[in-house]
Amino acid sequence: MEVNRYIFNHGALLLERRADGGYALPNDNTVELDAELPVQHWGGETFVAAEMAAGSELPETLELIPLRATYALLPLHVYRLAEKARELLDWNRETLHCGHCGALQEFRSPISKFCPQCKTETWPKLSPACIVLIERGEELLLVQSRDFKREFFGLVAGFVETGESLEECVRREVKEETQIEIKNIRYFGSQPWPFPRNLMIGFWAEYAGGELSLQDAELRKGGWFHRDALPAIPERPSIARQMIDAWLKDKHSI
Ligand SMILES: [Zn+2]
């Protein structure tokens, strides 16, 4: 059985440059590893997630590429497994010790750990975040987060807080960040977002009223943009881009 190895170093995936200029997972078994997780069976594939040992030398044909950039280089199913591998590695690093008693934890299954001292079992935890496309006729509300490193506009988004529903999260985030009211909130689709372990949950909504006033602490700028005059928008594979593309095609789900 073929077992692919997804080897990471600080969020970058190790890939092999092929003679034709393309990229693939490395066949090289000489790379020194720091951590290797149990074999995973998922999505019809068998794979292993591993971390490169710090300071290890790489052969010339191997390259470390930031995970998001590998989306354009790898078949989609390979990229999706790389996302999962990275999430598992992050989770592994954060849960070396039990959160209750501090003892060293052990793997109980490929996706769970067990504390031998206090018997607590843990699984990878996701952080759900809502993202919302707000339309006003032929216009779309786009905002530029202060977190964005490049000059582009995205959709209003934020993490779900304890005690609130997804719909309440959408309304609260929109209100906090823009002061406007929305109506007709509809589910669009979701996407795993392994930076580090988020689940993006996409909604569409319609503008219902209020004057746009951006929250200065989080947003640099924003406004209503006509469908024929959109600024630079997020790239694929982000769900924001999928939602905007779908809106431009009048398609209301993934
Ligand atoms: Zn414990």
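Remember, predicted model here, so these are calculated numbers, not experimental data.

Participant: I'd like a description of the overall build of the protein, backed by residues and values.
Facilitator: For the protein, the count of helices and strands is 4 helices and 16 strands. For the protein, buried positions account for 45% of its 254 residues. On the protein, roughly 13400 Å² of surface is accessible, and the fraction owed to carbon and sulfur atoms is 50%. Counting 29 positive and 39 negative side-chain charges, the protein places the centres of these two groups 2 Å from one another.

Participant: Account for the nonpolar core, naming residues and giving values.
Facilitator: Buried together is how nonpolar side chains tend to be arranged in soluble globular proteins. In this structure, Tyr6, Phe8, Leu13, Leu15, Ala82 and Ala85 are the most contacted members of the largest nonpolar core, which totals 20 residues. Of all the elements, helix α2 (residues 76–94) adds the most residues to this core, at 8 residues. With residues up to four places along the chain from it excluded, the contact list for Ala82 reads Tyr6, Phe8, Leu13 and Leu67. Core analysis: the second largest hydrophobic core is formed by 19 residues, Ala129, Leu133, Phe153 and Phe225 among them.

Participant: Explain the coordination of the zinc ion to me, and be specific about the residues and the numbers.
Facilitator: Protein-derived ligands of the zinc ion are Cys98 (SG), Cys101 (SG), Cys115 (SG) and Cys118 (SG), with the metal-ligand distances lying across 2.3 to 2.4 Å. Every donor counted, the 4 donor atoms about the zinc ion form angles of 100 to 117 degrees at the centre, which fits tetrahedral coordination. Taken in sequence order, the residues that donate to the zinc ion follow the motif C-x2-C-x13-C-x2-C. Taking the relative accessible area as the measure of exposure, Cys101 reaches 33% and is therefore partly exposed.

Participant: Tell me about the sheet that holds strand β10 (residues 121–122), and please be specific about residues and values.
Facilitator: The strand order across the open sheet formed by 3 strands is β8-β9-β10, and the pairing between neighbours is antiparallel. The open sheet has two free edges, formed respectively by β8 (106–109) and β10, since each of these has just one partner strand. Bridge analysis of strand β9 (residues 112–114) against β10 gives 2 bridges, and the strand direction is antiparallel. The residue bridging Phe114 from the neighbouring strand is Glu121, located in β10. Docked against the sheet, α2 engages β8, β9 and β10, running at close to 15 degrees with respect to β9.

Participant: Requested: an account of the environment of Ile180, with residues and values cited.
Facilitator: Here Ile180 lies in the loop between α3 (166–178) and β14 (181–193). Residue class for Ile180 comes out buried when judged on its relative accessible area of 2%. Sequence separation between Ile180 and Ala208 is 28 residues; the distance between their C-alpha atoms is 7.5 Å. Residues within four places of Ile180 in sequence aside, it is in contact with Ile134, Leu141, Val174, Lys175, Tyr207, Gly209, Gly210, Glu211, Leu212 and Trp224.

Participant: I'd like a description of the packing of aromatic side chains, backed by residues and values.
Facilitator: Across all of its chains, the model carries 8 aromatic pairs by this definition. With a centroid separation of 5.9 Å and 70 degrees between ring planes, the pair formed by Tyr187 and Phe203 is classed as edge-to-face. Residue Tyr187 is found in strand β14, and its partner Phe203 is found in strand β15 (residues 198–209); the two are separated by 16 residues along the sequence. With a centroid separation of 4.9 Å and an interplanar angle of 65 degrees, the aromatic rings of Trp193 and Phe195 are classed as edge-to-face. Positioned above the aromatic ring of Trp91, the side-chain terminus of Lys113 is 5.2 Å from the ring centre. The residue whose ring lies beneath Arg136 is Tyr207, and the NZ or CZ to ring-centre distance is 5.4 Å.

Participant: Pulling in residues and values, what's your account of the pairing of strand β6 (residues 45–52)?
Facilitator: When you tally the buried positions in β6, you get 7 out of 8 residues, the bulk of the element. Summarising the sheet, strand β1 (residues 4–9) and β6 pair through 5 bridges and their orientation is parallel. Each residue of the ladder has a partner; that of Arg5, found in β6, is Val48. Relative to β6, strand β4 (residues 33–36) is paired through 3 bridges, and the arrangement is antiparallel. Each residue of the ladder has a partner; that of Ala35, found in β6, is Glu51. One ladder, built from 3 bridges, connects strand β5 (residues 40–42) with β6; its direction is antiparallel. Looking across to β6, one finds that Trp42 is bridged to Glu45. Linkage of β5 to β6, two consecutive antiparallel strands, is achieved through a turn of 2 residues, within which Gly43 is found at a positive phi near 60 degrees.

Definitions and cut-offs
- Residues numbered from 1 in each chain as written.
- Predicted model: local features only at pLDDT ≥ 70, side-chain atom pairs only at ≥ 80, totals over all residues.
- Heavy atoms only, no water.
- Helix = DSSP H or I, 4+ residues; strand = E, 2+ residues; numbered from the N terminus.
- Buried < 20%, exposed > 50% of the residue type's maximum accessible area, 1.4 Å probe, protein only.
- Areas by Shrake-Rupley, 256 points an atom, 1.4 Å probe, with all protein chains shown as cover.
- Lys, Arg positive; Asp, Glu negative; His and termini not counted.
- Charge placed at Lys NZ, Arg CZ, Asp CG, Glu CD.
- Core = buried A, V, L, I, M, F, W, Y, C linked by side-chain atoms within 4.5 Å.
- Contact = heavy atoms within 4.5 Å.
- Donors = N, O, S within 2.8 Å, 3.2 Å for Na, K, Ca; no water.
- Tetrahedral: all angles 85-135°; square planar, octahedral: opposite > 155°, others 65-115°.
- Pairing = 2+ DSSP bridges.
- Axes fitted to C-alpha atoms, helices over the stretch in contact; angles between N-to-C directions.
- Phe/Tyr/Trp six-rings, centres within 6.5 Å; stacked < 30°, edge-to-face > 60°.
- Lys NZ or Arg CZ within 6 Å of the ring centre and 35° of its normal.

None of this, on its own, says anything about what the molecule does.
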